[in-house]
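If you want the building blocks of each chain, they are given just below.
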Amino acid sequence: MRRILILFAHPAFEKSRVNRQLIRGIDTLEGVTFHDLYQRYPEMDIDTSFERALIERHDIVLLQYPFYLFGMPALMKEWMDLVLVHGWAFGSRGNALNGKWFGCVITTGGSRASYCRDGYNRFSIRELTCPLEQVAHLCRMQYLPPFVVHGTNAIRSEEIETLRKTFHSMLGLLGSEPFDLQQAQGLDYLNEYPIRERNS
């Protein structure tokens, strides 16, 4: 069984509708560690030794955050800059992350249709998250497509609950041996991976 680390960062969690529900019950999932960066580091004073040891104990690292201004919250970027350093995460002697899986779980107010060349945001989610894919490549990790929740400003409560169940089912699949990494990497969104077929 693959062990999953979810690195969560939400600078306005008290206002969250979707992320608050997505993580509900996540601490009960076998093989999943939930790590809230803003809760642990309110002063942004990151314990890099602790964070590296935490990563080393897991096989999959997922960054979960709201997609603010097409990027990640400040603390998560700070985490990446301080934790994923040359000589440990990459470089000729940086092999700590070699072979691990890496991806993101993001929520955004925009619709999927708005994230394309002809849409309001002009670029796809895959294009806007290319830096994460390059980080995975640099660190010799396998990159997973993003799990994305669109339309967070208008989404109904019952839709959020359905997405929560889908997300938790996806985490269960990621942690199990039958998961087809190559098939997943060919998708635009991890949401598109055939959960029901795999569970049947």
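Note that the coordinates shown come from a computational prediction; the quantities given were computed from them, not determined experimentally. (Residues numbered from 1 in each chain as written. Predicted model: local features only at pLDDT ≥ 70, side-chain atom pairs only at ≥ 80, totals over all residues. Heavy atoms only, no water.)

### A closer look at the overall build of the chain
The number of helices and strands found in the chain is nine helices and six strands. For 200 residues, the compact-globule estimate of 2.2 N^0.38 gives 16 Å, and the chain sits close to it at 16 Å. Reported as C-alpha extents along the three principal axes, the dimensions of the chain are approximately 45 × 40 × 35 Å. Burial statistics for the chain: of 200 residues in total, 48% are counted as buried. (Helix = DSSP H or I, 4+ residues; strand = E, 2+ residues; numbered from the N terminus. Rg over C-alpha atoms; globule rule 2.2 N^0.38 Å. Buried < 20%, exposed > 50% of the residue type's maximum accessible area, 1.4 Å probe, protein only.)

### Some remarks on the packing of helix α3 (residues 48-56) against helix α4 (residues 74-83)
Angle between the axes and distance between the axes: these two values describe a pair of packed helices. With their axes 10 Å apart at the nearest point, α3 and α4 run at an angle of 85° to one another. Relative to α4, α3 is oriented roughly perpendicular. The segment α3 lies against α4, with Thr-48, Glu-51, Arg-52 and Ile-55 engaging Trp-79, Leu-82 and Val-83. Of the residues in the contact of α3 with α4, the class split is four nonpolar, one polar and two charged. (Axes fitted to C-alpha atoms, helices over the stretch in contact; angles between N-to-C directions. Parallel < 35°, antiparallel > 145°, perpendicular 65-115°, else oblique. Contact = heavy atoms within 4.5 Å. Nonpolar A, V, L, I, M, F, W, Y, C, P; charged D, E, K, R; others polar.)

### Some points on the state of the cysteines
Inspection of every chain in the model, using the stated rule, returns zero disulfides. Looking at Cys-104, it has no disulfide partner, and the nearest cysteine sulfur is the one in Cys-130, 11 Å off. Cys-104 gets classed as buried once you look at its relative accessible area, which sits at 1%. Judged by relative accessible area, Cys-130 falls into the partly exposed class, the value being 38%. (Disulfide = S-S within 2.5 Å.)

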